[in-house]
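Commentary on secondary and tertiary structure
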Amino acid sequence: MNDAPGKLPSLNGLKVFEVAARHLNFRLAAEELGVTQGAVAQQIRGLEAELGVTLFERLPRMLALTGAGRVYIADVRRALEIIARATDGLKPQPVRLTISTTPSFASKWLIPRLPDFTQRHPDLDLHILATDRMSNFQVDGVDLAVRYGRPPFGPGLAVELLFEQEIVAVCSPMLMAGGKVPDTADELAGYTLLHDAHNFWPEFIERHLGGSRQATFKGISFNQTSHAIEAATAGQGIVLANRDFVAQDIAEGRLVRIFEGSLTGPSDFYLVWPRYRKSQGLQTVIAWISAEANKAREHALP
């Protein structure tokens, strides 16, 4: 059985025909193809001669498809689309990996570092699933998770410590401009305290400022740590935040630490992934995130 196709017309002529049929104008077709109007007209004449039919009616100010041209263009477009899809299918497809993180980790730690990753690994396509809900590796299609907590996180899961939670007090330098950094709880009461869902302020005040029965603290609460940090950057108050989340803001002068003391958080940040998943792409992402965390520790601010 002979599976070879029948005699085919010029493929270049078919491409020119499709473009000209779309514009119904040789000049516009020439502009899209990057050739001269005369070259387009010559290709169409050659195709019509090869097929033995007229494809266009040459009207005074425009073109119109003939009956044969209208029938032919429908099949030609389908054929060109099939060729285009087949060609795209030959190209290496990026490996897609889904990372589940908390919204604050995504916005304050991961996203600022992504340009470095995409430059190093253009063949890997990351999907960031930022949610406070604990994602399921099977149901949600998650390959790697950054989880705030304490292991174990479940059977069959590999775990690697990313960084420990260290809570520091920071604010915009504008907030302290010309003023005295508060040394006591009573002095701190003159500032707005920015709270997230963890609310470390009572413990921090008791440990580092000795507490106060007279002080009444005013504050603003946020359900996301990243929002509380953004409010602090805007000069709206003082926030307690993970040191790793605010390190870049401190380094670039948007935030300053106002107390030397810190708190150790009740939980830490871990990389978690199913042990049975051993793809090269997943190992590349794990190695990159771990290296970024180590780099941050080495350059940690005093």
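The text that follows walks through the structure, step by step, so that each part is easy to find. Values in this document were obtained by computation on a predicted structure and should not be read as measured data. (Residues numbered from 1 in each chain as written. Predicted model: local features only at pLDDT ≥ 70, side-chain atom pairs only at ≥ 80, totals over all residues. Heavy atoms only, no water.)

A word on the sheet that holds strand 4 (residues 124-130). Spatial strand order, 4-3-5-13-6: five strands in an open sheet with mixed pairing. In the strand order of this sheet, the two ends are held by strand 4 and strand 6 (157-163), each with one partner. The sheet shows a mean angle of 25 degrees between the axes of neighbouring strands, direction not considered. Bridging between strand 6 and strand 13 (residues 268-274) involves six bridges; their strand directions are antiparallel. Residue pairing in the sheet places valine 159 in a bridge with valine 272 of strand 13. (Pairing = 2+ DSSP bridges. Helix = DSSP H or I, 4+ residues; strand = E, 2+ residues; numbered from the N terminus. Axes fitted to C-alpha atoms, helices over the stretch in contact; angles between N-to-C directions.)

What follows is about unusual backbone geometry. With an omega dihedral of 5 degrees, the bond running from proline 151 to proline 152 counts as a cis peptide bond. With respect to the helices and strands, the residue proline 152 is situated in the loop between strand 5 (144-149) and strand 6. You will see that leucine 24, though not glycine, has its phi angle at about 50 degrees, which is positive. Not every positive phi belongs to a glycine, and asparagine 199 is a case in point at roughly 50 degrees. Looking at the element boundaries, asparagine 199 is found in the loop between strand 8 (192-195) and helix 9 (201-208).

This brings us to the pattern of salt bridges. Following the criterion strictly, the structure yields 17 salt bridges and no others. Between lysine 108 and aspartate 249 there is a salt bridge whose closest N-O contact spans 3.2 Å. You can see lysine 108 sitting in helix 5 (residues 103-110) and its partner aspartate 249 sitting in helix 11 (residues 243-251), a full 141 residues away along the chain. Here the two residues lysine 108 and aspartate 249 agree in accessibility, since each one is buried. Between glutamate 292 and lysine 295 there is a salt bridge, with the nearest N and O atoms lying 3.0 Å from each other. Placement of the pair is glutamate 292 and lysine 295 together in helix 12 (residues 280-298), with a separation of three residues, close to one helical turn. With relative accessibility at 9%, the residue glutamate 292 sits in the buried group. Overall, the relative accessible area of 39% leaves lysine 295 in the partly exposed class. Counted as one network, the salt bridges with shared partners bring together Glu18, Arg22, Glu32 and Arg77. (Salt bridge = Lys/Arg side-chain N within 4 Å of Asp/Glu carboxyl O. Buried < 20%, exposed > 50% of the residue type's maximum accessible area, 1.4 Å probe, protein only.)

Its location among the elements puts glutamate 48 in helix 3 (residues 37-51). For the pair glutamate 48 and aspartate 123, spaced 75 residues apart in sequence, the C-alpha to C-alpha distance is 44 Å.

This part covers helix 1 (residues 11-23). With 13 residues, helix 1 ought to run about 18 Å at 1.5 Å a step, and its terminal C-alpha atoms sit 19 Å apart, in line with that. Restricting attention to buried positions, one finds in helix 1 the residues Gly13, Leu14, Val16, Phe17, Glu18, Val19, Ala20 and Ala21. Buried-residue contacts for helix 1 involve helix 2 (26-33), helix 3, strand 1 (56-58), strand 2 (63-65) and helix 4 (67-90). For helix 1, the side-chain oxygen to backbone nitrogen distance between the N-cap and asparagine 12 is 3.4 Å, and the N-cap itself is serine 10. Just beyond helix 1, the residue with positive phi is leucine 24, at close to 50 degrees. (Expected span 1.5 Å × (residues − 1). Contact = heavy atoms within 4.5 Å. Polar contact = N/O pair within 3.5 Å; in protein donor to acceptor, adjacent residues only side chain to side chain.)

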